[in-house]
Amino acid sequence: MERTLSIVKPDGVARGLIGEVVKRLEDNDLKIAAMKMIHMTLAQAEGFYAVHKERPFFGSLTEFMSSGPCVVMVLEGDDAIARYRKLMGATNYKEADPGTIRADFATDIEKNVVHGSDAPETAAFEMGYFFNSFEIVG
Ligand code: CMP
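Because the structure is a prediction, the values reported are computed rather than measured.

**Brief notes about the pattern of salt bridges**
Two side chains with opposite charge may pair up if their charged atoms get near one another. For the structure shown, the criterion picks out seven salt bridges. In this structure, the salt-bridge partner of Arg 24 is Glu 20, at a minimum N-O distance of 2.9 Å. In this pair, Arg 24 and Glu 20 are both assigned in helix H2 (residues 18–27), four residues apart and thus about one turn of the helix distant. In this structure Arg 24 comes out as buried when scored by relative accessible area, which is 16%.

Right, here's the structure in full:
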């Protein structure tokens, strides 16, 4: 049993894709162990993506992530990190496998609808960034 962090990004929320993402999670046995809607400040988005702070897209990414509400979730299941990444598809939607969330809905390498942790260490940091232990059930 593993846990990972999922975000429906501001583009996904604005385009009415929360339900679509949640349906795909539930259809694929990724249990939602925590869920809330947030609107990050720029500083909060910068803290979340601190690992990317030297990258050229950092300013644009953090502005985008603080531009509107997001839905953040903790997902639970066997091999949840890898299975959720497979459901999302590649970061660049042009390289995402057909039938993945990003292949079906992303419009841009940045506005790619969803985020998912890429390893157990990042999952632990990212879940702790948004949720305390009382907010995660299961
Ligand atoms: P995410 O999985 O949230 O991780 C970092 C985010 O940076 C990524 O999705 C995209 O939204 C954004 N991004 C923008 N440009 C790039 C890029 N060239 N390479 C990787 N990520 C990018």
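After presenting the structure, the write-up continues.
**A word on helix H4 (residues 58–65)**
Within the span of H4, buried status applies to Phe 58, Leu 61, Thr 62, Phe 64 and Met 65. Down the axis, H4 shows its buried residues gathered within 160° of arc, on one side only. Elements that come into contact with the buried residues of H4 comprise strand S1 (2–8), helix H1 (10–14), helix H3 (42–48) and strand S3 (70–77).

**Considering unusual backbone geometry**
Glycine aside, residues mostly have negative phi, and peptide bonds are mostly found in the trans state. Despite not being glycine, Asp 79 shows a phi value in the positive range, around 55°. One can find Asp 79 in the loop between S3 and helix H5 (80–88). A positive phi is found at Val 113, a non-glycine position, where the angle reads about 75°. Relative to the elements of secondary structure, Val 113 occurs in the loop between helix H6 (101–105) and strand S4 (114–116).

**Some words on the site of the ligand**
Close contacts around the ligand come from Lys 9, Tyr 49, His 52, Phe 57, Leu 61, Thr 91, Arg 102, Ile 109, Glu 110, Asn 112 and His 115, and that covers them all. Arg 102 places a side-chain nitrogen or oxygen 3.3 Å from an oxygen atom of the ligand. Taken by itself the ligand offers 450 Å² of open surface, and the protein chains cover 80% of this. Of the residues in the shell around the ligand, the class split is four nonpolar, four polar and three charged.

Cut-offs applied
Residues numbered from 1 in each chain as written. Predicted model: local features only at pLDDT ≥ 70, side-chain atom pairs only at ≥ 80, totals over all residues. Heavy atoms only, no water. Salt bridge = Lys/Arg side-chain N within 4 Å of Asp/Glu carboxyl O. Helix = DSSP H or I, 4+ residues; strand = E, 2+ residues; numbered from the N terminus. Buried < 20%, exposed > 50% of the residue type's maximum accessible area, 1.4 Å probe, protein only. Arc of directions from axis to C-beta. Contact = heavy atoms within 4.5 Å. Near = heavy atom within 4 Å. Polar contact = N/O pair within 3.5 Å; in protein donor to acceptor, adjacent residues only side chain to side chain. Areas by Shrake-Rupley, 256 points an atom, 1.4 Å probe, with all protein chains shown as cover. Nonpolar A, V, L, I, M, F, W, Y, C, P; charged D, E, K, R; others polar.

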